[in-house]
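Chain and residue survey
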Amino acid sequence: MNIFRLTGDLSHLAAIIILLLKIWKSRSCAGISGKSQILFALVFTTRYLDLLTSFISLYNTFMKIFYIACAYATVYLIYVKFKATYDGNHDTFRVEFLVVPVGGLAFLVNHDFSPLEILWTFSIYLESVSILPQLFMISRTGEAETITTHYLFFLGLYRALYLMNWIWRFYFEGFFDMIAIVAGGVQTILYCDFFYLYVTKVLKGKKLSLPA
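Bear in mind the structure is a predicted one, so any value in this text is a computation, not a measurement.

1. With respect to the overall build of the chain
In terms of regular secondary structure, the chain is built from eight helices and zero strands. Along the chain direction, N to C, the helices and strands of the chain fall in the order α-α-α-α-α-α-α-α. What you see for the chain is a C-alpha radius of gyration of 17 Å, in line with the 17 Å of a compact globule of 212 residues. When its C-alpha atoms are laid out on the principal axes, the chain stretches across 45 × 35 × 35 Å. Across the 212 residues in the chain, those meeting the buried criterion constitute 46%. Considering only residue pairs separated by 6 or more positions, the chain has 77% of its internal contacts joining residues 24 or more positions apart. Just so you have it, the chain exposes about 10,700 Å², and 71% of that area is on carbon and sulfur atoms. Distance from the positive charge centre (17 side chains) to the negative charge centre (13 side chains) of the chain: 10 Å.

Given below as structure tokens:
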């Protein structure tokens, strides 16, 4: 495992823990897009079906189970435990405009036309755009809580580090996965504007706001 993958995993863990702690400690999911969290739960479910068919390592298995469990725990907190605090009026992104196209793309462009491979490819494509409902929600409300921006920063950092991981593996291991690299690149680009605002505003103690 190279340094980019390890730090990427740690950034991903940090993002998930920050979000869960934010919701649990504040007893509120205000400002959090439930639709983005449902998409992430769908991403992990379709990506890690190989838990039922193969074993790579204890680390690999633990991380996959952790991601799935946390994703569904987050959805539960938003739609059940703290449903009264969920701002559905601003979380209005049409997720079918994401799920249907990436589902079709997964059927057309994949490494192998088999159920598990198509679902894995679907998860890669879907993850690249799953954050859009959250960014759309922030643009509608006009601002985001600092803790929410920290969550988004670490989530974007994870994706950028994993992109570097793919480049590292290409140069040092001869491994190349065009689907993962392109999808990771798209996702990183979606975060670029947020990264700029995070550095110029949030790190200086200001509240992040996006144009409506």
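Moving on, there is more to tell.
2. With respect to helix α5 (residues 115–129)
With 15 residues, α5 extends 22 Å from end C-alpha to end C-alpha; this agrees with the ideal 21 Å at 1.5 Å per step. Across the 15 residues of α5, 11 count as buried, placing the element largely inside the fold. Among the residues of α5, those classed as buried are E117, I118, T121, F122, S123, I124, Y125, L126, E127, S128 and V129.

3. Observations concerning the nonpolar core
A general tendency of soluble globular proteins is for nonpolar side chains to be buried together. Among the nonpolar cores identified, the biggest contains 53 residues, and Y151 and L155 are the most heavily contacted of them. Put simply, the parts of the chain that give this core at least two residues each are α1 (3–26), α2 (34–47), α3 (58–81), α4 (96–108), α5, α6 (132–141), α7 (146–173) and α8 (178–200). Considering every element that reaches this core, the biggest residue donor is α8, with eight residues. Here L155 is in contact with H12, A15, F40, I131 and Y191, once residues within four sequence places are set aside.

4. Quick notes on the packing of α1 against α7
Axis angle and axis distance: for two packed helices, these are the angle between their axes and the distance between the axes, and together they describe the pair. Between α1 and α7, whose axes approach to 8 Å, the crossing angle comes to 160 degrees. The angle between α1 and α7 falls in the class roughly antiparallel. As α1 packs across α7, the resulting crossing turns out to be left-handed.

5. Some thoughts on α4
Relative to the 18 Å expected for 13 residues at 1.5 Å per residue, α4 spans 18 Å between its end C-alpha atoms, a close match to the ideal helical length. Burial in α4 covers these residues: L98, V102, G103 and A106. For α4, the buried positions fall inside an angular range of 115 degrees around the axis, keeping them on one side. Exposed and oriented more than 90 degrees from the buried face of α4 are F97, V100 and L108. On its buried side, α4 packs onto α2, α5 and α6.

6. Comments concerning unusual backbone geometry
Positive phi, normally seen in glycine, also occurs at R27, with a value near 55 degrees. Examined against the element boundaries, R27 turns out to sit in the loop between α1 and α2. Given a relative accessible area of 41%, R27 falls into the partly exposed group.

Here is what the cut-offs are and how they apply
Residues numbered from 1 in each chain as written. Predicted model: local features only at pLDDT ≥ 70, side-chain atom pairs only at ≥ 80, totals over all residues. Heavy atoms only, no water. Helix = DSSP H or I, 4+ residues; strand = E, 2+ residues; numbered from the N terminus. Rg over C-alpha atoms; globule rule 2.2 N^0.38 Å. Buried < 20%, exposed > 50% of the residue type's maximum accessible area, 1.4 Å probe, protein only. Contact = heavy atoms within 4.5 Å. Areas by Shrake-Rupley, 256 points an atom, 1.4 Å probe, with all protein chains shown as cover. Lys, Arg positive; Asp, Glu negative; His and termini not counted. Charge placed at Lys NZ, Arg CZ, Asp CG, Glu CD. Expected span 1.5 Å × (residues − 1). Core = buried A, V, L, I, M, F, W, Y, C linked by side-chain atoms within 4.5 Å. Axes fitted to C-alpha atoms, helices over the stretch in contact; angles between N-to-C directions. Parallel < 35°, antiparallel > 145°, perpendicular 65-115°, else oblique. Left-handed = near helix turned anticlockwise from the far one by under 90°. Arc of directions from axis to C-beta.

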